[in-house]
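One-letter residues, chain by chain:
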Amino acid sequence: MRNGEASREMDATVRYSILGTVRAMRGDTEIDLGPPKRLALLSLLLLRAPGPLTLSEAVDILWGEEPPASAVNVVHRHVGALRRTLEPELRSRTHAEHLVRAADGYRLLVDTSTSDLLRFRDLRAQAQLAVRGGAPVQAAEDFVEALRLWRGPVVAAGTSVARHPVFTSVGHEFVATVKEAADAVLTAAPALTEEVLAMLRRAVEGHPFDEALHSRVIAALAATGRPAEALQQFETIRGTLAEELGVEPGPELRAAQQHLLQRRVSRAPDTPPPRPTEAGRPAQLPADCASFAGRRQTLSQCLELLPLKGESRPPTMTTAICGMAGVGKTTLAVHWGHMVADHFPDGQIHVDLQGHHASQPPLDPAEAIAEVLGALGVKHDRSHSSAAALAAAYRSALDGRRLLLVLDDAEDSEQVRPLLPAAPGSLAIVTSRRRLEGLAVTDNARIITLDPMTREEGLELLDRRLGTDRTRAEHAAAEEIVELCGGLPLALAVAGTRALVQPQFPLASLAARLQDTDDCLDVLSGRDARTDIRSSFHRSYEALGSGAARLFRLLGLHPTRDITLPAAASLAGTDLRGTRQDVAELMDHHLLVELTAGRYTCHELLRAYARELSSLLDSPTVRSEALARMFEHYLYSASAATALLAPHCGGVILPPPRPGVRPQEFGGRADAAEWIVAEQYLLPELVRAVGHDPRGETFRRQLTSALEMCLHSTDF
C-alpha cells in the first residue's frame, strides 16, 4: 500500500521548464497548458517563484500600458484554469498544493527539484561558493551542469512576454554564467573545454558584440590546440566591430590576441593562457558576497540599464541605490558590479566615500578624484592643482573609457556629483543612506530604493548561511527569525552567524531572544562596528538635526510602526509645519518611509533603537508628557470622528486638549471612517496601555466610549 501511495505521489509531481520553451511535465507526460495568455501567466509565476507574482505586475506585463477593465478577472480565470490543469482531482482551491493565493497575488509552489530556473540558480550559486572555497574543479562541473539546463539562450520562448525586460534580464544570467564557466574550466577542468566552447558560441550568437565572450572563445580554442582558428576568431570580431560599430577591440580582446601571438609550441594544449592585468586597467571591486540571496526583481531593474545589443557608445549611466542602514546596499552594488564587469573593459573602480563611516570623516570629493586618477595610472600633482584643474583632469581621464565606478556610502548628492562620469560609456553605481533625489534631477540618475527583504528572500539568505538542512528542520523558527529581523540583511546575517557558531542551540532559542524587545538589539550587536546594529543605526541618527533627532527618539514610544503627521506632531508637541520638515528629514535618511500616503512607517529594529535612545536621552517628564499628548491626540481624533459618524449618539464631553496636541482633522464622514479603519488595531491597544498615564482611568473611560461609538457607526 505504501509503495502504491509513493508511486502515485511521484506520478503527481509536476516539473516545470522555463529555460527555453515553457513546459510542464507530470512524470513523462507533457501537460497541455492552454492558450498563449495562460502560458505567459505560468511563465511569470515560474519567473517569480518561490516568491509571489502580484496581480498588478501580472496585468502590467501581460497587457502593457493599456490593460482592459477585465484584466484582473481574466488573470483570476487563468489561475483557476491552471489549478484545474495542474491538479485535476482538486475539489477546493483552499487545498491547492501547486498554485496558491498569496497576500497580493499568487504563488507557484516549486523548488530546485521542480523548476529548471531555480535549479540553474542553485547550481550557479554552488559553483560560485566553490570558486571562493578554492575548489575550481567542482566549480567548473557545477557551472557546466547549470548551463546544460538551458535549451537555448532564451527564457519562456513561445510566450507573448518572452521579450519583456523581466525575462530578457534573466538571459544576462546565462551570459554571465557562460563566462564564469569558461574561466573555471580553462583554469581547472580541461576535459570540459569543448562543451563550454559550444556554450560560448551559443552565447556569442545572441551577443555578437560582447568582447568578453569572444576573448573566452579565443582562449578556449587556443586551449584545445587550435591557435589558427583562435586568431581567425579575433580577426572576425575585429572586422565586425570596425564595420558595424566603428570601434577597435578593447583591452581584453587585444590581450587575448597578444597571448596567442606569444604562445610557445611547447605549451601543453590543455593549459589555458594566463589572464593579464594591464597597467591602467584597475579591477578594484570587493569580493562578491558568497551568501548573496534574493533581490531578483531589483537586479532585473539594474540589468535593464545595460547598453542594448549593438550599442557601441551607450550613454553615461548613473544609478543610486538608496535605503536604510543595514538593508544591503553595498552588497547589492558589488554583486551587480561583478555581474556586469565584463561590459566595462577599461576596468572597475571602487571608492569608499565614507559618508557614514564608524571612525573616519566623509571623503572629500577631491581626494576621491585623486583615488580614481591613481587607479587609472594618470599622473597628477594634486598639491599644485586647483579644484577646477583636478576636475578637468578627471573628465579627460574618463573620456573614451568604458569604466564601472562603484561610489560607496555617499554622504549626500554634493559629495558624489563631481565623481559622476560626463562622457558616454561608463556606469556609476552610487550607494547612500540618503535619498539622493537631487541626482535624478541634475544628472538623470536612476534612483533605486532598496527595501528590506521579503520573507522568501530572508529565508533564502538563512539557507545560504546555515544550510537548508538546518532551516528546513526548524522552518517555523527560521521564518520567525526573518520576521523579527524585519527582513534586514545585516540583522539576518548577524543572527545567522550567531546560530552558526552555536550549533548546539536550536533556532527557536534565538527567535525567543529576538522576541524580547529589551534584548533584541543585544542579540544583534557585537564589537565590530561594521556589523554592530546599534553602531550602524547610530551613524544615521548622528546625521540628524536636533528636531528630527528628538522626533525619532519619541517615535519609539508610539505603540505601532505606522503614524500620521498629526499624531507625530502631538507626540513631539510641535506644529504641523515643523513636524512635516522633521518627518521629511527622517525620510531622507531612510529612518521613516511613506508606504501609504500620509502614513509613515518606522522599521521595528529602528523603533527598538529609538526606545533605547529615548530612555537614555529624554527625561521621565519629557517621555510622560509625550505619552499624554499622544493619548489625547487619539482621544480627540476619535471624538471628532464620532461626531461625524454618529452625530445622534451624543459624544463624550472633553476638556480642551493640552498644549501641543494636534487632533486629526476630517474632511467628512468618509475621511473619518477611513481613519477609523486605519487605526482599528491601534485604538484598542491604546485603551489597554493607557493605564500607564497619570490620568489613565479618565483616558480609558473617555477613549473607550469614543471608540465604541466609532466602531458601531462604521461597517468593517
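These numbers were taken from a predicted model, which means no experiment stands behind them. (Residues numbered from 1 in each chain as written. Predicted model: local features only at pLDDT ≥ 70, side-chain atom pairs only at ≥ 80, totals over all residues. Heavy atoms only, no water.)

1. Overview of the overall build of the chain
So, point 1. Within the chain, the regular secondary structure consists of 32 helices and 14 strands.
So, point 2. Of all intrachain contacts in the chain linking residues separated by at least 6 positions in sequence, the fraction that spans at least 24 positions is 69%. (Helix = DSSP H or I, 4+ residues; strand = E, 2+ residues; numbered from the N terminus. Contact = heavy atoms within 4.5 Å.)

2. Points about the layout of surface pockets
So, point 1. In this model, the largest pocket occupies a volume close to 1,800 Å³.
So, point 2. Around the largest pocket sit 49 residues that line it, and Pro50, Gly51, Glu456, Glu457 and Glu460 are the ones nearest its centre.
So, point 3. Contributions of two or more residues to the lining of the largest pocket are made by α2 (36–48), β6 (105–108), α5 (116–132), α12 (296–303), β11 (446–449), α18 (455–466), α19 (468–473) and α20 (475–484).
So, point 4. Of all the elements, α18 adds the most residues to the lining of the largest pocket, at seven residues.
So, point 5. In the lining of the largest pocket, the residues fall into 18 nonpolar, 13 polar and 18 charged. (1 Å grid on protein atoms, 1.4 Å probe; cavity = no way out; pocket = protein on both sides within 12 Å on 5 of 7 lines; lining within 4 Å. Points joined across faces, edges and corners; volume = space filled by probe spheres on them. Nonpolar A, V, L, I, M, F, W, Y, C, P; charged D, E, K, R; others polar.)

3. Describing the side chain of Gln128
So, point 1. On the secondary structure map, Gln128 appears in helix α5.
So, point 2. Apart from the residues within four sequence positions on either side, Gln128 is in contact with Phe143 and Glu180.

4. Here's the deal with the sheet that holds strand β13 (residues 593–596)
Within a beta sheet, neighbouring strands are joined by backbone hydrogen bonds and run either parallel or antiparallel to one another.
So, point 1. Read from one edge to the other, the open sheet built from three strands follows the order β12-β14-β13, with strand pairing classed as antiparallel. Edge positions in the sheet fall to β12 (562–564) and β13, since each has one partner strand and no second. Across the sheet, the mean angle separating the axes of adjacent strands is 45° when strand polarity is ignored.
So, point 2. The pairing of β12 with strand β14 (residues 599–601) spans three bridges and is antiparallel. From the neighbouring strand, Ile563 faces β14, where its bridge partner is Tyr600. (Pairing = 2+ DSSP bridges. Axes fitted to C-alpha atoms, helices over the stretch in contact; angles between N-to-C directions.)

5. Observations regarding the packing of α2 against helix α7 (residues 165–188)
So, point 1. Packing of α2 against α7 brings their axes to within 11 Å, and their N-to-C directions diverge by 50°. By the angle between their directions, the pair α2 and α7 is classed as oblique. The chirality of how α2 crosses α7 is left-handed. Every residue of α7 that contacts α2 at Ser43, Leu44, Leu47 and Arg48 is listed here: Val166, Phe167 and Val170. (Parallel < 35°, antiparallel > 145°, perpendicular 65-115°, else oblique. Left-handed = near helix turned anticlockwise from the far one by under 90°.)

6. Details of empty space enclosed by the protein
So, point 1. Considering all chains together, one arrives at three cavities of 30 Å³ or more under this definition.
So, point 2. Put simply, the largest cavity is a space of about 400 Å³.
So, point 3. If you go around the largest cavity, you meet 26 residues; those closest to its centre are Arg124, Glu173, Arg296, Leu299 and His335.
So, point 4. Its residues assigned to classes, the lining of the largest cavity comprises twelve nonpolar, five polar and nine charged.

7. Considering the sheet that holds strand β1 (residues 14–17)
So, point 1. Reading across from one edge, β1-β2-β3 is the order of the three strands in this open sheet, with antiparallel pairing throughout. At either end of the open sheet lies a strand with only one pairing partner, and these are β1 and β3 (29–30).
So, point 2. In terms of strand pairing, strand β2 (residues 23–26) meets β3 through two bridges, oriented antiparallel. For Arg26, the partnering residue across the bridge sits in β3 and is Thr29.

8. Topic: the environment of Tyr106
So, point 1. For Tyr106, the location among the structural elements is in strand β6.
So, point 2. For the pair formed by Tyr106 and Leu45, sequence separation is 61 residues and the distance between their alpha carbons is 7.7 Å.
So, point 3. Not counting the four nearest positions on each side in its chain, Tyr106 is found in contact with Leu45, Pro52, Leu53, Leu55, His76, Val79, Arg83, Leu99, Val100 and Arg101.
So, point 4. A polar side-chain atom of Tyr106 sits 2.6 Å from a polar atom in the side chain of His76. (Polar contact = N/O pair within 3.5 Å; in protein donor to acceptor, adjacent residues only side chain to side chain.)

9. Observations regarding helix α22 (residues 507–515)
Every α-helix winds through 3.6 residues per turn, so residues three or four apart in the chain are directed the same way.
So, point 1. Listing the buried residues of α22 in full gives Leu507, Leu510, Ala511 and Leu514. Projected onto a plane normal to the axis of α22, the buried residues spread over an arc of 100° and lie on a single side.
So, point 2. Tucked into the core, α22 has its buried residues touching α18, α19, α20, α21 (489–501) and α23 (520–523). (Buried < 20%, exposed > 50% of the residue type's maximum accessible area, 1.4 Å probe, protein only. Arc of directions from axis to C-beta.)

10. What about the nonpolar core?
So, point 1. Membership of the largest hydrophobic core comes to 93 residues, with the highest contact counts inside it found for Trp336, Ile481, Leu524, Phe537, Phe552, Leu586 and Tyr634.
So, point 2. It is helix α29 (residues 620–645) that provides the largest number of residues to this core, a total of seven residues.
So, point 3. Residues in contact with Trp336, not counting those within four places in the same chain, are Leu299, Cys302, Leu303, Leu305, Thr319, Ile321, Leu427 and Ile429.
So, point 4. Counting 81 residues, the second largest nonpolar core, distinct from the first, contains Val110, Leu123, Leu221 and Leu241. (Core = buried A, V, L, I, M, F, W, Y, C linked by side-chain atoms within 4.5 Å.)

11. Section: helix α24 (residues 533–541)
So, point 1. Turning to α24, its buried residues are Ile533, Ser536, Phe537, Arg539, Ser540 and Tyr541.
So, point 2. If you follow the buried residues of α24, they end up packed against α21, α23, α25 (546–555) and α28 (604–617).
So, point 3. Between a side-chain oxygen at the N-terminus of α24 and the backbone nitrogen of Arg534 the separation is 3.1 Å; the capping residue is Asp532.

12. Remarks on a negative patch on the surface
So, point 1. A surface patch of negative charge is lined by Asp352, Asp364, Glu367 and Glu371.
So, point 2. Its place among the elements puts Asp364 in the loop between β8 (348–352) and α14 (365–375). (Patch = residues over 30% accessible without salt bridge, like charges linked within 9 Å, V, L, I, M, F, W, Y side chains within 5 Å. Areas by Shrake-Rupley, 256 points an atom, 1.4 Å probe, with all protein chains shown as cover. Salt bridge = Lys/Arg side-chain N within 4 Å of Asp/Glu carboxyl O. Lys, Arg positive; Asp, Glu negative; His and termini not counted. Charge placed at Lys NZ, Arg CZ, Asp CG, Glu CD.)

13. Description of the packing of α7 against helix α9 (residues 211–223)
So, point 1. The contact between α7 and α9 brings their axes to 10 Å, and the two run at 30°. Viewed along their axes, α7 and α9 adopt a mutual orientation that is roughly parallel. Here α7 runs over α9; the crossing is left-handed. Facing Val175, Val178, Lys179, Ala182, Asp183 and Leu186 of α7, the residues of α9 in contact are Ala212, Leu213, Arg216, Ala219, Ala220 and Ala223.

14. Some points on the side chain of His350
So, point 1. With respect to the helices and strands, the residue His350 is situated in strand β8.
So, point 2. In contact with His350, not counting residues within four places along its chain, are Gln284, Pro286, Val406 and Asp408.

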